[in-house]
Amino acid sequence: MLTSIKTNQFEGSESKKLAMMYFRVAIILFGAQLLMGLIAAIQFVYPGFLFEIFDFSVARMVHINALVVWMLYAMIGSVYLMLPDETGIETVGIGLGKLAFWVLTAAVTVVVLVYILIQVGPGTESTIWLINEGREYLEAPRWADIGIVVVVLIFYWNVFATYMKGRKTGIMTVMVADLMALAGLYLAGMFFTDNISMDQFWWWWVIHLWVEATWEVFVGALAAYALIKIINAKREIVEMWLWIEVLMLFGSGILGLGHHYFWIGTPEYWWEIGALFSALEPVPLVAMFVHVLYDWGKEQGIAKAKGEAGAVVKNGPAMAWIVTNAFGNFLGAGIWGFFHTLPQVNIYTHGTQFTAAHGHLAFFGAYATILIGMMYLGIQEAYGIKQLRATFKSKMAIFLITFGVLGMTVALTIAGYEQVLVERAELGAGWNAFFAAQDLPWYVQAQAWRLIMGVITFVGFIYLVWDLLTIGKVEQAEEAMVATA
Ligand code: HEM
Ligand code: HEM
Ligand SMILES: [Fe+2]
């Protein structure tokens, strides 16, 4: 049985250094995502903003594609960070892994520049290959798609070979199996057919089966690993939770896919399947929530029994972000997802701002939070700090970002509610109804509030970057001072 894991293996671990490289690009892309979101949000309020200079469609596209890509970067970074700890050995083939990082980063830069430089034009076979594939969230042109597959194969080989050679923990076993599913699903979004129903059918395999199955299992594994590192949680307990979550997530998430098949021309039996299984999806999310809080509570209890002050939290900011993740995942995906998942409700809410409210809170709560936590873990190791305490900047970052995203969610929920009542129920959901609803006071005010809350989120992001850049040095100096005193 594994009981302890060395705290600082950073020195000499190329895998952990590569992790930090992935984190750095992730944060830059996160910033780009937010800037694009702000542009799109301003255009909601002032439609003439950057008219014919920077299209809303482009700002929105870069916003959500940057979102997916920064999260994938941070996920790959997290895996390189945990691999040496979990397997007990240095990552196999890390040189090739580094090469893959540079190839991927160069490709991402080219793709984003092309998006921004070529904003409008005809859609042809060659634009699918060179400019944009036109699938929301996965718009990379086909050449980049193929490149991504090659890079991911290298990454997977790093993980798999290290796993086979090193120690095989439960967390790593889940991770290795999950990554295979995650990478394999990407292939479903690479085929093009003229039939829009078929196209959407497969596209959802990537989008839904990523965020509601494979990514959720992924963050379950990350949380398990992080809780062991931060509060010395018992491996037996976190791994037991992890297996329960895997079972439930795949149980509900796979057929829960049906909630995206209400409107795209798939057979009607998907209504019942989608309703039942997607309604069950919050259950594993509760388990993940309980997992984090239970483990934390248990550590506190053990400490109390021993007459100590409480379990030492070895990384304050990371722990805060992981606890936010437990709440955020449950609220954003579980509650906001459940709201509109039954066909009887979705008939009114489909494609309204309600969907955007859920999209924001779910992506933020379930993924952004824990991935930021992993970055703090990386910094702690990079600077060899035994106990990383939150600074004023760490607190401002988590407060402003969380407050801002919650505020945006509330504003969008109000806008969506108004759309449901007026556009859908009263005016009959036609094209004119859509435009009539866009001008109603509640909708307009909600969009203004979203912009204000977006600015607050962005200020929080600046604090986050500032903190990530400085906390290591500050805390390292503090620890050195205490040691000499
Ligand atoms: C972390 C997990 C999740 C994330 C990141 C997420 C994200 C999203 C996003 C971005 C969309 C909009 C897709 C589009 O552009 O068309 C969406 C749609 C939807 N989500 Fe989720 N979701 C998650 C979990 C859930 C769960 C657990 C449920 C149900 C309990 C759910 C129910 C729905 C439904 C019904 C729609 C379709 C909305 C419509 O018809 O307009 N989601 N989700
Ligand atoms: C500065 C803060 C932000 C602003 C101002 C902002 C603004 C926007 C705007 C204007 C859209 C287009 C909505 C539409 O087409 O109706 C959008 C879409 C989206 N944003 Fe953001 N955003 C911000 C932060 C975030 C964050 C932090 C996340 C997740 C971590 C996120 C995830 C998404 C998603 C998933 C969509 C697509 C939603 C859908 O179509 O259902 N955004 N955002
Ligand atoms: Fe879904």
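Residues numbered from 1 in each chain as written. Chains lettered and ligands numbered in written order. Predicted model: local features only at pLDDT ≥ 70, side-chain atom pairs only at ≥ 80, totals over all residues.

Caption draft 1: A look at the site of ligand 1. Taken together, 22 residues surround ligand 1, and among them A333, G337, G359, A362 and A366 come closest. At the level of secondary structure, the elements contributing two or more residues to the shell around ligand 1 comprise α7 (196-231), α11 (316-339) and α13 (353-382). Looking at the shell around ligand 1 element by element, the count peaks at six residues for α13. Considering only residue class, the shell around ligand 1 consists of seven nonpolar, 12 polar and three charged. (Near = placed C-beta within 6 Å. Helix = DSSP H or I, 4+ residues; strand = E, 2+ residues; numbered from the N terminus. Nonpolar A, V, L, I, M, F, W, Y, C, P; charged D, E, K, R; others polar.)

Caption draft 2: Region of the structure containing helix α5 (residues 142-165). With 24 residues, α5 should cover 34 Å at 1.5 Å per step; its first-to-last C-alpha distance of 34 Å lies within 8% of that length. Those residues of α5 not exposed but buried are A144, G147, I148, V151, F155, N158, V159, T162 and Y163. Those residues of α5 that are buried are in contact with α2 (56-87), α3 (94-117) and α6 (170-186). (Expected span 1.5 Å × (residues − 1). Buried ≥ 20, exposed ≤ 12 C-beta atoms within 10 Å, placed from the backbone. Contact = placed C-beta atoms within 7 Å.)

Caption draft 3: View of the domain arrangement of the protein. By the assigned domains, the protein splits into domain 1 (1-167) and domain 2 (313-485). Taken together, the contacts link 21 residues of domain 1 with 20 residues of domain 2. At the level of secondary structure, the elements contributing two or more residues to the side of domain 1 that touches domain 2 comprise α1 (14-45) and α2. No other element matches the 13 residues that α1 contributes to the side of domain 1 that touches domain 2. Per-class residue counts for the side of domain 1 that touches domain 2 are 16 nonpolar, four polar and one charged. (Domains from an automatic or database assignment.)

Caption draft 4: Summary view of the site of ligand 2. Taken together, the neighbourhood of ligand 2 is formed by 21 residues, with G37, A40, G359, F363 and G454 sitting nearest. Of all the secondary-structure elements, those providing two or more residues to the shell around ligand 2 are α1, α2, α13 and α16 (441-484). Ranked by residues supplied to the shell around ligand 2, first place goes to α13 with seven residues. Taken together, the residues of the shell around ligand 2 break down into 13 nonpolar, seven polar and one charged.

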